[in-house]
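Chain and residue survey
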Amino acid sequence: MHVAPVGGTAVQDHVALAEIELCGDLIIAASAAEDRLSLESIDEVLKVAEERDVSGGPG
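Residues numbered from 1 in each chain as written. Predicted model: local features only at pLDDT ≥ 70, side-chain atom pairs only at ≥ 80, totals over all residues. Heavy atoms only, no water.

Let's shift gears to the overall build of the protein. A count of helices and strands for the protein gives 3 helices and 0 strands. Seen in sequence order, the protein has helices and strands lined up from the N terminus as α-α-α. Per-residue burial for the protein yields a buried fraction of 3% across its 59 residues. Of the roughly 5500 Å² that the protein leaves accessible, carbon and sulfur atoms contribute 59%. (Helix = DSSP H or I, 4+ residues; strand = E, 2+ residues; numbered from the N terminus. Buried < 20%, exposed > 50% of the residue type's maximum accessible area, 1.4 Å probe, protein only. Areas by Shrake-Rupley, 256 points an atom, 1.4 Å probe, with all protein chains shown as cover.)

In structure tokens:
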């Protein structure tokens, strides 16, 4: 049996943590919705339009 050493040697994958947070946001939005989420609602939850505005892309 392997036991993790004490002392904070845990590795954090910031990309994975961000993806988990986005999935959680989608789950919360879907559970609060009366119907299926539209593509526009999903984009809003994921802040896709904000990313397009910042990058100067179409939107």
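Attention now moves to the confidence of the model for the protein. A residue-level look at the protein finds 66% of positions with pLDDT of 70 or above and a mean pLDDT of 82. Looking at the elements of the protein, mean pLDDT is at its lowest for helix α3 (residues 48–55), recorded as 68, and at its highest for helix α1 (residues 14–32), recorded as 94. (pLDDT = per-residue confidence, 0-100.)

It is worth spelling out the packing of α1 against helix α2 (residues 39–46) at this point. Two elements in contact, α1 and α2, have axes separated by 9 Å at closest approach and are oriented at 135 degrees. With respect to α2, the element α1 is oriented oblique. Relative to α2, α1 is oriented so that their crossing is right-handed. Contacts between α1 and α2 involve L22, D25, L26 and A29 from the former and I42, V45 and L46 from the latter. Here the contact of α1 with α2 is built from residues that sort into 6 nonpolar, no polar and 1 charged. (Axes fitted to C-alpha atoms, helices over the stretch in contact; angles between N-to-C directions. Parallel < 35°, antiparallel > 145°, perpendicular 65-115°, else oblique. Left-handed = near helix turned anticlockwise from the far one by under 90°. Contact = heavy atoms within 4.5 Å. Nonpolar A, V, L, I, M, F, W, Y, C, P; charged D, E, K, R; others polar.)

On to unusual backbone geometry. A positive phi angle, near 60 degrees, is found at K47, a position not held by glycine. Checked against the element boundaries, K47 lands in the loop between α2 and α3. Classification of K47 by relative accessible area gives partly exposed; the value is 44%.

Here E21 shows up in helix α1. Judged by its relative accessible area of 53%, E21 falls in the exposed class. Through-space distance from the C-alpha of E21 to that of L46 is 9.9 Å; in sequence the pair is 25 residues apart.

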